[in-house]
Amino acid sequence: GAVVSQHPSRVICKSGTSVKIECRSLDFQATTMFWYRQFPKKSLMLMATSNEGSKATYEQGVEKDKFLINHASLTLSTLTVTSAHPEDSSFYICSANIRGTMNTEAFFGQGTRLTVV
Amino acid sequence: GDSVTQMEGPVTLSEEAFLTINCTYTATGYPSLFWYVQYPGEGLQLLLKATKADDKGSNKGFEATYRKETTSFHLEKGSVQVSDSAVYFCALRGAGGSYIPTFGRGTSLIVHP
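Residues numbered from 1 in each chain as written. Chains lettered and ligands numbered in written order. Predicted model: local features only at pLDDT ≥ 70, side-chain atom pairs only at ≥ 80, totals over all residues. Heavy atoms only, no water.

**A word on the overall build of chain A**
The cut-off we apply is this: Helix and strand definitions here come from DSSP, where helices need a minimum of 4 consecutive H or I residues and strands a minimum of 2 consecutive E residues; each element is numbered from the N-terminal end. With C-alpha atoms as the basis for the radius of gyration, the globule rule is written as 2.2 Å multiplied by the number of residues raised to the power 0.38.
Helices and strands together make up the secondary structure of chain A, namely zero helices and eleven strands. In chain A, the order of α-helices and β-strands from amino to carboxyl end is β-β-β-β-β-β-β-β-β-β-β. What you see for chain A is a C-alpha radius of gyration of 14 Å, in line with the 13 Å of a compact globule of 117 residues. Taking the principal axes of the C-alpha coordinates as reference, chain A spans close to 40 × 25 × 20 Å.

**Re the sheet that holds strand β7 (residues 67-73) of chain A**
Residue and element names in this part refer to chain A. Counted only if it meets this: Pairs of strands are assigned from DSSP output, requiring at least two bridges between the strands. Every axis in this analysis is a line fitted to C-alpha atoms, fitted for helices over the stretch in contact. Angles between the N-to-C directions lie between 0 and 180 degrees.
Ordered in space as β1-β3-β8-β7, the four strands form an open sheet in which the pairing is antiparallel. At either end of the open sheet lies a strand with only one pairing partner, and these are β1 (4-7) and β7. Within the sheet, the average angular offset between the axes of one strand and its neighbour, ignoring direction, is 15°.

**Thoughts on the state of the cysteines**
Residues and elements named next belong to chain A. Under the convention used in this document: Throughout, disulfides are identified as pairs of cysteine sulfur atoms within 2.5 Å of each other.
Using the criterion set out here, one finds two disulfides over all chains in the structure. Paired through a disulfide, C23 and C94 show a sulfur-sulfur distance of 2.0 Å. Taking the sign of the S-S torsion, about 85° here, the bridge from C23 to C94 comes out right-handed. Of the two residues, C23 sits in strand β3 (residues 19-25) while C94 sits in strand β9 (residues 90-96), which places them 71 residues apart along the sequence.

**Focus: the packing of aromatic side chains**
All names here are of chain B. Counted only if it meets this: Aromatic rings from Phe, Tyr and Trp, taking only the six-membered ring of Trp, are treated as a pair when their centres fall within 6.5 Å; an angle between ring planes under 30 degrees marks them as stacked, one over 60 as edge-to-face, and anything in between as tilted. Exposure is judged per residue with a 1.4 Å probe applied to protein chains only, and the accessible area is read against the type maximum: over 50% gives exposed, under 20% gives buried, and values in between give partly exposed. Counted as over-ring charges are cases with an Arg CZ or a Lys NZ within 6 Å of the ring centre that also lie within 35 degrees of the ring normal.
The tally for this structure, following the rule as stated, stands at eleven aromatic pairs over all chains. Consider the rings of Y25 and Y66, whose centres lie 6.2 Å apart with planes at 80°: the pair is edge-to-face. Of the two residues, Y25 sits in strand β4 (residues 23-26) while Y66 sits in the loop between β8 (62-65) and β9 (75-77), which places them 41 residues apart along the sequence. For the residue pair Y25 and Y66, the accessibility class agrees, reading buried in each case. Here Y36 and F103 contribute two aromatic rings whose centre-to-centre distance is 5.7 Å and whose plane-to-plane angle is 50°, an arrangement assigned as tilted. Separated by 67 residues along the polypeptide, Y36 in strand β5 (residues 32-38) and F103 in strand β11 (residues 102-103) bring together distant segments of the chain. Judged by its relative accessible area of 0%, Y36 falls in the buried class. Directly above the ring of Y30 sits K68, whose terminal nitrogen or CZ lies 4.3 Å from the centroid.

See the structure below:
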């Protein structure tokens, strides 16, 4: 089946530093990947849609300069949290759809727990 | 716009009890419907799906039927196990072809031995 790998699974960083999270589709190509943030009461918030070869589309209220997204290839998207602050601590999840098929489900990475101290 | 409403949790059951988690949706046309499961500390996994009205999705003893007339996709399992303890998300993908799924808020299931 389609596998999405997210790395790292956990990261602790100091306030003011930047953290990069990778999302890879291991056995399929994905022209589009999605980044979510999950809050403590379980709800998923879509942050942005990452498009291969073009700029990401950010949801309203998400700071594009703070959450930098790069989709450099058909199998890799990265989310960089710049100048991280404690309020950025959260669980970040990526997902992808298989390119060029009629598959409708999204395949998710295992998530990244970010803690900013 | 599209929306998904799930029952509030947590749902607490004893092992071998019957499970129902309600899910209703609002969307134009005929969206595809999904249930995802999230185990502690992990990402989401697709549990089952249905792409047209009256379809029944099933997997690992879980079932859900796409009911267009009631705009519902309730998740059921006849006999839950402790290992089913997780958070369950109902989701839809719009009929317009958008790949962005709309999620419910999630329902936590706790199964006691």
